[in-house]
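Close look at the chain arrangement
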Amino acid sequence: MLAFELLLQGLVQGSIYALIAVGLTLVYGLLRILHVAHAGLFTLGGYIGVIVTNATGSLLLALLVAMPAMGLLGIGIYRTCYQPLLSRPPYVALIASIGLFIMMEELFRLIFGPYGLSFTAPPLQDTVAVFGVNLKEAELATMIGAVVLIGGLALLTLRTRIGTASRATVTDPKMAEAFGVNIGRIRDINFFVGSALAAAAGVMVALLNNLVEPTMGSVPSYKALAIIVLGGLGDLRGTLIAALALGVIEAYGTIYLGNLLDRDAIAFAFLIAVLMLRPQGLFGRA
Amino acid sequence: MQENFIKATAFAALLSASAAVGLTGAAQADSIKIGINVPQTGFAAADGTSALIGAQLAAEQANANGGVNGKNVELVVYDDQASPKSAVPIATKLVEQDEVKIAISGSYSGATRAAAGVFQEAGVPYISAFAVHPEITRSGDYVFRTSFVGEVQGRAGAKLIGESLGKKKVTLITLKNDFGQSLANGFKEAAEQFGIEIISEYEYSIKDRQFGPIVAKVKSDAPDAIYASGYFFTAGPLVSQLRSGGIDVPVIGQEGYDSQKFIEIAGGASEGVIITTSLDRDSDSPEAKDFIAAFEEKAGYKADMVAASGHTAMKVAIAALREAGSEDPKAIRDAIAGLTLEASTGTISFNGLGEVRKDVQVQVVKDGNWHRHSIISDPDLLAPPEK
């Protein structure tokens, strides 16, 4: 029973990781940029979620505001911060991204205050029994939300012309452009989708903790990097599996390795182990 | 392309420059400078802000009452981000550039411990408002502390659970930093004395907000009570997740919970949570009553433990300056050591090591507010380390 409960808790955490890491891997696949500031959009998504829910009483409306708003901000970040740096070596964009992330954290603190925000009447806090295990509605919603959103993204990538164009651009941008794909538009769409998913993750984490803090993105900012490396940098399917696996491993690790290894260290121990055995990542091609 | 980067840098420089001006701009010719390092940015900014407002309040109150030895008190404030790296240069700056006569830490243990060495070496008295690490006062005879070391509060927690509540099978959930570890050590030290059996212990890091796996395991351990260390931003999610996981045994915390924000985060789940702390909301003492009212008016939110501690530390500094009647560091130090003072956190005095002697306030959440549960007044159990 405990084992099953830990598995479920791991999947909840893994769903959050997946929603955040998918956006990162999209950006990396397309531009070879490690987009650290992505975690800032995750945090801001959480803030918007709490503020809109507190103002209107509707969590759904909050998601509908936070996701497109962060999507547009993601495009904004690409155009103002990364696009001008594309001709430079990748570490230039990485440094810009880290700087942007620090600035975002401090702006959140200045604007929203150091104490963080909470829901005045937190939605989805009742418990439901799932196969005999008690889960918060918010935890269930997190898992279902992740499945729906990432499933939708998979459909978009595999079944639509935009998806095909996007995959073609990842494989060979010059060739794709020669075939008439508007690369700038593909990049915008990728940033939009990835950032919107991060915003959804932010709202979900706000619900789970009933707390959004300026530094909420600091752990995801580096853990998501470990996840996309594990998943084989730019590989969507690999990223998903790595995210869920890490969530579950952390859940068991917290209980059985907690005295030896910090929860956040588990990700990196796992990363080192995988890279020693499979340097291309769990699912990357050699 | 470089232009963007330059703009960003310039913006950042502008921000920090304006902050510095704001902090030190109010220089007066005839004033006594008191230094304070507090986290105003970074993860500990919330506690730092409360502590600073508490300290500012004490300074304003002193100035309104004619100042100190005919001069006004002036606070010199630096942001240490609760980081030992920043604390050392800040301490050096306060000593050498600002030439403060006495300084206060409104910061956590790492930063306070690092700064304490600098102040000790320079012979400038330094008072830690709420950092718990035992090594801080061991830096030397110029370093004092107005809060409990973690071990003392941990022992008080054991008495509260084993004796007052009569719970014997206890699970520890320990925050993996000096604060949590020293609380757990104190708790374990005294557990046997109060007939407590520690059936399990789990550790978590300060960045954790998701405790699902620990909650699942604690449920299967079925303890009579849970002793969980943490700050309001970890304890809020923890308590709410324990309760929604179906665990309804008493949860006992400590001063890290002591904030209205804890109740806001945990919501209904916070009802009945009991903590050991330094501020009694239902106190009859005029000091505590005045502070609680004045802080809420100045800050716009309810007083908490760190605010009261910042206020107390500043009050000690001012009282020592008055008592010494001069700005000689040695005289100020001796004045602190000999002080007995009524403050918002109780009647305080210091032992030979510079550790505070006072009662432990036990508070409980009732109807969405902190209220008095009891007071632990046991000089033997609460004796701070002497060396």
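Below or above, wherever it landed, is the structure these notes cover.

Rules used throughout
- Residues numbered from 1 in each chain as written.
- Chains lettered and ligands numbered in written order.
- Predicted model: local features only at pLDDT ≥ 70, side-chain atom pairs only at ≥ 80, totals over all residues.
- Heavy atoms only, no water.
- Helix = DSSP H or I, 4+ residues; strand = E, 2+ residues; numbered from the N terminus.
- Rg over C-alpha atoms; globule rule 2.2 N^0.38 Å.
- Contact = heavy atoms within 4.5 Å.
- Areas by Shrake-Rupley, 256 points an atom, 1.4 Å probe, with all protein chains shown as cover.
- Lys, Arg positive; Asp, Glu negative; His and termini not counted.
- Charge placed at Lys NZ, Arg CZ, Asp CG, Glu CD.
- Buried < 20%, exposed > 50% of the residue type's maximum accessible area, 1.4 Å probe, protein only.
- Salt bridge = Lys/Arg side-chain N within 4 Å of Asp/Glu carboxyl O.
- Polar contact = N/O pair within 3.5 Å; in protein donor to acceptor, adjacent residues only side chain to side chain.
- Buried area = accessible area lost by both parts, 1.4 Å probe.
- Pairing = 2+ DSSP bridges.

**Concerning the overall build of chain B**
Tallying secondary structure elements over chain B gives 12 helices and 15 strands in all. For chain B, the C-alpha radius of gyration of 21 Å lies close to 21 Å, the compact-globule estimate for 387 residues. In terms of its C-alpha atoms, chain B occupies a principal-axis envelope of roughly 65 × 60 × 35 Å. In chain B, 70% of the contacts between residues at least 6 apart in sequence involve partners at least 24 apart. Approximately 13800 Å² of chain B is accessible, and the part contributed by carbon and sulfur atoms is 51%. Placing the 35 positive and 48 negative side-chain charges of chain B at their respective mean positions leaves the two points 3 Å apart.

**Remarks on the side chain of B:Asp304**
Along the chain, B:Asp304 turns up in the loop between α10 (286-299) and α11 (305-324). Buried and unpaired, B:Asp304 has B:Arg281 as its nearest opposite-charge partner, separated by 6.5 Å. A polar atom in the side chain of B:Asp304 sits 3.3 Å from the side chain of A:Tyr115. One polar contact links B:Asp304 to B:Ser50, side chain to side chain, over a distance of 3.1 Å.

**Concerning the interface of chain A and chain B**
Tallying the contact residues gives 39 residues for chain A and 40 residues for chain B. Carbon and sulfur atoms supply 55% of the area buried between chain A and chain B, which totals about 3400 Å² over both sides. Here chain A is connected to chain B by 2 salt bridges. Among the ionic pairs, A:Glu5 bridges to B:Lys219, the shortest N-O distance being 3.2 Å. Counting the contacts that link chain A with chain B gives 12 residue pairs in polar contact (both at pLDDT 80 or more). At the level of elements, α1 (2-31), α4 (90-112), β2 (133-136), α8 (183-209), α9 (218-230), α10 (236-256) and α11 (263-277) of chain A are the ones that each hand at least two residues to the side of chain A that touches chain B. Of all the elements, α1(A) adds the most residues to the side of chain A that touches chain B, at 5 residues.

**Quick word on the sheet that holds strand β11 (residues 340-343) of chain B**
Residue and element names in this part refer to chain B. Pairing is antiparallel in the open sheet, where 3 strands are placed in the order β11-β12-β13. Across the chains shown, the open sheet's two edge strands, defined by having one partner strand only, are β11 and β13 (356-357). Where β11 lies against strand β12 (residues 346-350), 4 bridges are found, and the strand directions are antiparallel. Note that in β12 the partner of Leu341 across the bridge is Ile348.

Distances and angles like these do not, on their own, reveal function.
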